[in-house]
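A look at the structure
One-letter residues, chain by chain:
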Amino acid sequence: MSRTAVAQAANEIIQQACSDASAVQDAVNLIAIVGSFHRQLLAMRQAGVFGDDLNNHPVSLAFVSKLNSLCRMSLDREIKAFEAIDRLQRGEDAEFEVLPL
């Protein structure tokens, strides 16, 4: 069962999170993107956004969209990544495809 929530535009923390979510759309540095996402998730949680509201907040979706795009995610790549993780956990080397930006 779904429901709707309202993102509060008057909240400075939400405004900063939105600004960062927009700024990273042109970024290619995975570490910087994840770091910014982490900071904004913590700030939004401290501002009272948590649980499903945090997971589905437009800021979260924008960051996830960027990560998805940057990693060229597809169902096939996701399956192959989990297969590689299984091999690595068993102590086996795993080959993976590198797609240039």
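Let me sum up the structure you'll find in this document. (Residues numbered from 1 in each chain as written. Predicted model: local features only at pLDDT ≥ 70, side-chain atom pairs only at ≥ 80, totals over all residues. Heavy atoms only, no water.)

**A look at the overall build of the protein**
For the protein, the count of helices and strands is 5 helices and 0 strands. By the compact-globule yardstick of 13 Å for 101 residues, the protein is too spread out, its C-alpha radius of gyration being 16 Å. Taking the principal axes of the C-alpha coordinates as reference, the protein spans close to 50 × 35 × 20 Å. When each of the 101 residues of the protein is scored for burial, the buried share is 21%. Sequence separation of at least 24 residues holds for 61% of the intrachain contacts in the protein that already meet a minimum separation of 6. When the accessible surface of the protein is split by element, carbon and sulfur atoms take 57% of a total near 7600 Å². Of the charged side chains in the protein, 9 are positive and 13 negative; the average position of the first set lies 2 Å away from that of the second. (Helix = DSSP H or I, 4+ residues; strand = E, 2+ residues; numbered from the N terminus. Rg over C-alpha atoms; globule rule 2.2 N^0.38 Å. Buried < 20%, exposed > 50% of the residue type's maximum accessible area, 1.4 Å probe, protein only. Contact = heavy atoms within 4.5 Å. Areas by Shrake-Rupley, 256 points an atom, 1.4 Å probe, with all protein chains shown as cover. Lys, Arg positive; Asp, Glu negative; His and termini not counted. Charge placed at Lys NZ, Arg CZ, Asp CG, Glu CD.)

**Examining the pattern of salt bridges**
Applying the stated rule across the entire model yields 4 salt bridges. Between Asp 53 and Arg 3 there is a salt bridge, with the nearest N and O atoms lying 2.4 Å from each other. Taken as a pair, Asp 53 in helix H3 (residues 51-55) and Arg 3 in the segment before helix H1 (12-23) lie far apart in primary sequence, 50 residues in all. Assessed through its relative accessible area of 29%, Asp 53 is described here as partly exposed. (Salt bridge = Lys/Arg side-chain N within 4 Å of Asp/Glu carboxyl O.)

**Description of the packing of H1 against helix H2 (residues 30-46)**
Closest axis-to-axis distance for the H1/H2 pair is 10 Å, and the angle between their directions is 160 degrees. Taken as axis vectors, H1 and H2 run roughly antiparallel relative to one another. By crossing handedness, the relation of H1 to H2 is classed as left-handed. From H1, Ile 13, Ile 14, Gln 16, Ala 17 and Asp 20 reach across to H2, where they touch Ser 36, Gln 40, Ala 43 and Met 44. Looking at the contact of H1 with H2 residue by residue, the class counts come to 5 nonpolar, 3 polar and 1 charged. (Axes fitted to C-alpha atoms, helices over the stretch in contact; angles between N-to-C directions. Parallel < 35°, antiparallel > 145°, perpendicular 65-115°, else oblique. Left-handed = near helix turned anticlockwise from the far one by under 90°. Nonpolar A, V, L, I, M, F, W, Y, C, P; charged D, E, K, R; others polar.)

**Observations concerning the layout of surface pockets**
Here the largest pocket is characterised by a volume of approximately 450 Å³. Taken together, 19 residues make up the lining of the largest pocket; nearest its centre are Arg 77, Ala 81, Phe 96, Glu 97 and Val 98. It is helix H5 (residues 75-89) that contributes the most residues to the lining of the largest pocket, 9 residues altogether. Looking at side-chain class alone, the lining of the largest pocket contains 11 nonpolar, no polar and 8 charged residues. For the second largest pocket, the calculated volume is near 290 Å³. Residues belonging to the lining of the second largest pocket are distributed by class as follows: 8 nonpolar, 6 polar and 3 charged. (1 Å grid on protein atoms, 1.4 Å probe; cavity = no way out; pocket = protein on both sides within 12 Å on 5 of 7 lines; lining within 4 Å. Points joined across faces, edges and corners; volume = space filled by probe spheres on them.)

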